[in-house]
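# Reading the structure
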Amino acid sequence: MLLSILPQVLVDGLTLGFMYAVVALGYTMVYGILEFINFAHGEIFMVGAFVGTEVLLITDAIGALEGMNPYVALFMTLIITMILTGALGVGIERLAYRPLRGAPRLVPLISAIGVSFLLQDVVRFTEAIARNEFYLNTPVLFSGTVSVFGIATIPIKGLVVIILAIVLMIALTLFIGKTKWGIAMRAVALDPSTASLMTINVDKVIMLTFLIGSSLGGATGVLFAQNYGTIDPYIGFILGMKAFTAAVLGGIGNLRGAMVGGVLLGMLESLAGAYMGPLTNQAFGAEYKDVFAFSILILVLLFKPEGLFGEAVKEKV
Amino acid sequence: MALLELQNVHTFYGGIHALKGLSISVNPGEVVTLIGSNGAGKSTTLKTICGQTRAREGKIIFDGKDITQMKTHDIAMLGIAHVPEGRRIFPKLTVQENLEMGAFFTKDKHLIQEGIERAFQYFPRLKERISQKGGTMSGGEQQMLAIARGLMMKPKILMLDEPSMGLAPILVEQIFEIVTELNREGTTILLVEQNANQALSVAHRGYVIQTGEIILKDDAKTLLANPQVREAYLA
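Residues numbered from 1 in each chain as written. Chains lettered and ligands numbered in written order. Predicted model: local features only at pLDDT ≥ 70, side-chain atom pairs only at ≥ 80, totals over all residues.

Per an unreviewed UniProt entry, chain B carries the name Amino acid ABC transporter ATPase and comes from Brevibacillus panacihumi W25. Heading Sequence similarities (unreviewed entry) of the UniProt record for chain B holds this comment: "Belongs to the ABC transporter superfamily." (UniProt positions renumbered as here; feature names shortened; annotations may be inferred.)

As annotated in an unreviewed UniProt entry, chain A carries the name ABC transporter permease and is attributed to Brevibacillus panacihumi W25. Quoted verbatim from the Sequence similarities (unreviewed entry) field of UniProt, the annotation for chain A is "Belongs to the binding-protein-dependent transport system permease family. LivHM subfamily." Under the UniProt heading Subcellular location (unreviewed entry), the entry covering chain A gives this text: "Cell membrane".

Spelled out as structure tokens, the structure:
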């Protein structure tokens, strides 16, 4: 019985893990360049979930959603959401972080926490005024399942999450690896003052980093809403924490690390949720899955503090 | 008219009055060297020119433009390539990527490729290393890469900060030969050096800087023969 649910458990873990991974990229990109943890990134994800849901609700209200190809609807929702959350990320950087550059490290961190609360409350108020409640049900675009080799069934919405996450990761990898601005982002991460000698506008590169990270975070919000159906203004906190954890697990500042760390954390959580109860005779049930996942994290960091893909940090002179 | 001119520049660096009314000029086509001992303000001078540390007083004019308050990347855009002290290549980028960054504002891919080919003519060693990460190369190769990266910009002036530092004598020789060659092909060069002997032998003119002030300026040949210079910097 334990083994028969394994494929399902793995598929669930992948779906969750890929969402962690894409959000983790936003944390790790900003950290790579500014050595700053953008704690508001989880809330960008949450705003993405709400923007996406509103796009679909409004499209539905004007009667356009019915009869629309679900893939077209998803594509439209993603594009609108990514543009808006990308702009939101850039705006936050401009107003809440850039004026604090050069301040002691804790200061922008506090600013980020402030932005988190602000975003939660703005979304809550807006939805409470507009819809009289702030728990929203997303119009789910995909129903049905596909069978994988007859041993597991994946809901199509889960498959959509996995495939889109992979597409986004490949696109990002190509951008960072091959394009001029991508190389410039890596150059600025390594040595901003020298990069500026090469005519690279460091502020622009930082804006671009927030733009990309935030649009990826927003896109994940849309995928999350599609997958779980219900959202509230506080979903960004726990998912953000997990994604941040994934980034640290993989080695903060390292893109590949964030991807692997995310998928790994999702898997661990899913496995723990399914098997801890049966294996411990119900002494520790599924509610302990986070304890298990984070224990693994602590173990990894005890032996490899720089994370799986990170490099041992030398103190900068 | 001078290509680059510093007029009575004062710079403070971490509370220290690092440049005390510095005035130097570089004419088009010249190799000018700024020599002095460690901590005299040589690197600060270059950093002040490219806006990495701000002049609190005085004026910096480049190509007829006041650049004193401009941002570093905008100053670079005008055609000032600064090859900083300690090379500062991007260690995790490949040689090719490092060079591409040098030509960041060039949109035309053919021009970038031409620039890379030209850099390889000066530094054939880099061609063999094209897809290697910069940080894995030897100090001499990194210095070559740093200079090549500066040349990618096709600068009006190339500012070199201690290019000979930490290099074996044979490599130092080679670097100074390249400086002469670049100049012969028309590049104006401002060379900051502790290695005064070598620097003065490739330069047209020289300035001697001591605790943030110019104490001597003359033709390079005259400075080389100056007993005061010989004793302090050529011993």
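For the rest of this paragraph, the subject is the overall build of chain B. Helix and strand content of chain B: 10 helices and 10 strands. In terms of overall dimensions, chain B is globule-like: its C-alpha atoms have a radius of gyration of 17 Å, near the 18 Å expected for 235 residues. The C-alpha extent of chain B, read off along each of the three principal axes, is 45 × 40 × 35 Å. For chain B, contacts bridging at least 24 residues in sequence account for 67% of all contacts bridging at least 6. (Helix = DSSP H or I, 4+ residues; strand = E, 2+ residues; numbered from the N terminus. Rg over C-alpha atoms; globule rule 2.2 N^0.38 Å. Contact = placed C-beta atoms within 7 Å.)

Residues and elements named next belong to chain B. The sheet built from 6 strands is open, its strands ordered 6-7-8-3-9-10 with mixed pairing. At either margin of the open sheet sits one strand with a lone partner, and together these are strand 6 (80–83) and strand 10 (213–219). Taking the axes of each pair of neighbouring strands and ignoring which way they run, one obtains an average angle of 15° across the sheet. As judged from the 6 bridges shared by strand 9 (residues 205–210) and strand 10, these two strands associate in the antiparallel manner. Residue pairing for strand 10: Tyr 207 is matched across the bridge by Lys 217. Sitting on the sheet, helix 1 (residues 42–49) is in contact with strand 3 (31–35), strand 6, strand 7 (157–161), strand 8 (188–193) and strand 9, with an inclination near 145° to strand 7. Of the strands in this sheet, strand 3, strand 7 and strand 8 are in contact with helix 7 (residues 169–184), which crosses strand 8 at around 155°. (Pairing = 2+ DSSP bridges. Axes fitted to C-alpha atoms, helices over the stretch in contact; angles between N-to-C directions.)

Moving on: the interface of chain B and chain A. Every contact between the two is made by 19 residues of chain B and, on the other side, 15 residues of chain A. Taken together, the elements giving at least two residues each to the side of chain B that touches chain A come down to helix 2 (72–77) and helix 3 (95–102) of chain B. Across the side of chain B that touches chain A, the residue classes tally to 10 nonpolar, 5 polar and 4 charged. (Nonpolar A, V, L, I, M, F, W, Y, C, P; charged D, E, K, R; others polar.)

Moving on, we come to the sheet that holds strand 5 (residues 65–66) of chain B. All names here are of chain B. Pairing within the open sheet is antiparallel, and its 4 strands lie in the order 2-1-4-5. Whereas interior strands pair on both sides, the edge strands pair on one side only; in this sheet they are strand 2 (16–26) and strand 5. By the bridge criterion, 8 bridges tie strand 1 (residues 4–13) to strand 2 in an arrangement that is antiparallel. Across the sheet, residue Thr 11 finds its bridge partner in strand 2, namely Leu 19. Across the sheet, helix 1 lies against strand 1, strand 2 and strand 4 (55–62), angled at about 70° from strand 2, the strand it touches most.

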